[in-house]
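Overview (structure and organization)
Residues per chain are reported as follows:
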Amino acid sequence: MKARSVSIEDTRVVKRYPSATAATAALTRAAALQEAGLATPTATRLGPDALAFPRLSGRTGPALTADMATLLAPLAALHAMSIPGLAPQDPFRRINPRQSDAPAALRARVATLAAQPRPAPTVPIHGDFHPGQAIVTSDGTPWVIDLDDMALATSEADLGNLLAWLLTAPDTRDAPPPIGWRKTLCAAWRGSQLYPATLSLQTEIALIRRALKRAEGGDSVPLNRLMAGGYSAQISAD
């Protein structure tokens, strides 16, 4: 469950959860991931509903997109793990509350996407993976952080979210690599097999969520581009 609040201090990040049960679940999950070999910060309990995580320093954010294989490495490791107790992902959870302000054509498209069959969830996913969720420390280790949205889905759900971020974030949307972000991601991926149609579906869902979120923050560029069909080539497997 997502933390209710996050405070960034000099040496640690403090997260407060909606309940003691949610904090316990986050603490247990972090310990299980570490035991399974994932490089993720150790959680320490501060109170019934609060956890502290050490604040890592290193390369993060758009700077990591120049080394896509390193950025994707912890994600592939996560997908190969067995983490009990995860619920199936609802990819429309963050879209539905924003639909009241969405254009009618976009609401219709969301309904169409929601009615399409999706593969059965098979792997633990990060749930909100983008370059800001990875930190490469000075020893070259890629760490993954902010695992509160973990769920069961397929690898394409995380890759689609990352691709949507790359297509809409100001630092990356206007400076794609020569072969495009989708082909760059697929070429660097070393995890389970990716299915083009599933990746296209998950990318479009994530693009809608990202476009609506950015529009809420005053950046209407992704939403306008989405409504004009400007992402068709990036979503397509061709």
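Heads up: these notes are all about the structure in this document. (Residues numbered from 1 in each chain as written. Predicted model: local features only at pLDDT ≥ 70, side-chain atom pairs only at ≥ 80, totals over all residues. Heavy atoms only, no water.)

Note on backbone geometry: most residues besides glycine have negative phi, and most peptide bonds are trans. A positive phi angle is found at aspartate 146, which is not glycine, with a value near 55°. Along the chain, aspartate 146 falls in the loop between strand E8 (142-144) and strand E9 (151-153). (Helix = DSSP H or I, 4+ residues; strand = E, 2+ residues; numbered from the N terminus.)

Formed by 49 residues in total, the largest nonpolar core has its most connected members in Leu33, Met68, Leu72, Leu159, Leu185 and Ile208. Listed by contribution, the elements that provide at least two residues to this core are helix H2 (68-79), helix H3 (104-115), strand E7 (134-136), helix H4 (155-168), helix H6 (181-188), helix H7 (196-216) and helix H8 (221-227). Among the elements that take part in this core, H7 stands out by supplying 8 residues, more than any other. In contact with methionine 68, other than residues within four places in its own chain, are Leu166, Trp181, Thr184, Leu185 and Ala188. In this structure, Tyr17, Ala23, Ala43 and Phe53 belong to the second largest nonpolar core, which totals 9 residues. (Core = buried A, V, L, I, M, F, W, Y, C linked by side-chain atoms within 4.5 Å. Buried < 20%, exposed > 50% of the residue type's maximum accessible area, 1.4 Å probe, protein only. Contact = heavy atoms within 4.5 Å.)

Below, the discussion takes up the sheet that holds E8. Two modes of strand pairing occur in sheets, parallel and antiparallel, and in both the strands are linked by backbone hydrogen bonds. Strand order in the open sheet made by the 3 strands is E5-E7-E8, with antiparallel pairing throughout. This sheet does not close on itself; its edge strands, each paired only once, are strand E5 (59-60) and E8. This element, H2, spans E7 and E8 of the sheet and lies at about 45° to E8. (Pairing = 2+ DSSP bridges. Axes fitted to C-alpha atoms, helices over the stretch in contact; angles between N-to-C directions.)

Turning our eyes to something else, we now look at the pattern of salt bridges. Within this structure, the stated rule accounts for 16 salt bridges. A salt bridge links aspartate 149 to lysine 2, with the nearest nitrogen and oxygen atoms 3.3 Å apart. With aspartate 149 in the loop between E8 and E9 and lysine 2 in the segment before strand E1 (5-8), this residue pair connects regions lying 147 residues apart in the sequence. Aspartate 149 sits in the buried class, given a relative accessible area of 10%. Accessibility expressed as a relative area gives 33% for lysine 2, which makes it partly exposed. Within the structure, one salt-bridge network assembled from shared partners comprises Lys2, Lys15, Arg29, Arg93, Arg94, Asp128, Asp146, Asp148, Asp149 and Arg209. (Salt bridge = Lys/Arg side-chain N within 4 Å of Asp/Glu carboxyl O.)

Our focus in this paragraph is the packing of aromatic side chains. Counting across every chain of the model gives 0 aromatic pairs. In this arrangement the basic side chain of lysine 15 is found over the ring face of phenylalanine 53, its NZ or CZ atom lying 5.4 Å from the centre. (Phe/Tyr/Trp six-rings, centres within 6.5 Å; stacked < 30°, edge-to-face > 60°. Lys NZ or Arg CZ within 6 Å of the ring centre and 35° of its normal.)

We now examine the packing of H4 against H6. Where H4 meets H6, the axes come as close as 10 Å, and the angle between the chain directions of the two elements is 140°. The orientation of H4 relative to H6 falls into the category oblique. At the point where H4 passes H6, the crossing takes the right-handed sense. On H6, the residues touching Leu159, Leu162, Leu163, Leu166 and Leu167 of H4 are Trp181, Arg182 and Leu185. Its residues assigned to classes, the contact of H4 with H6 shows 7 nonpolar, no polar and 1 charged. (Parallel < 35°, antiparallel > 145°, perpendicular 65-115°, else oblique. Left-handed = near helix turned anticlockwise from the far one by under 90°. Nonpolar A, V, L, I, M, F, W, Y, C, P; charged D, E, K, R; others polar.)

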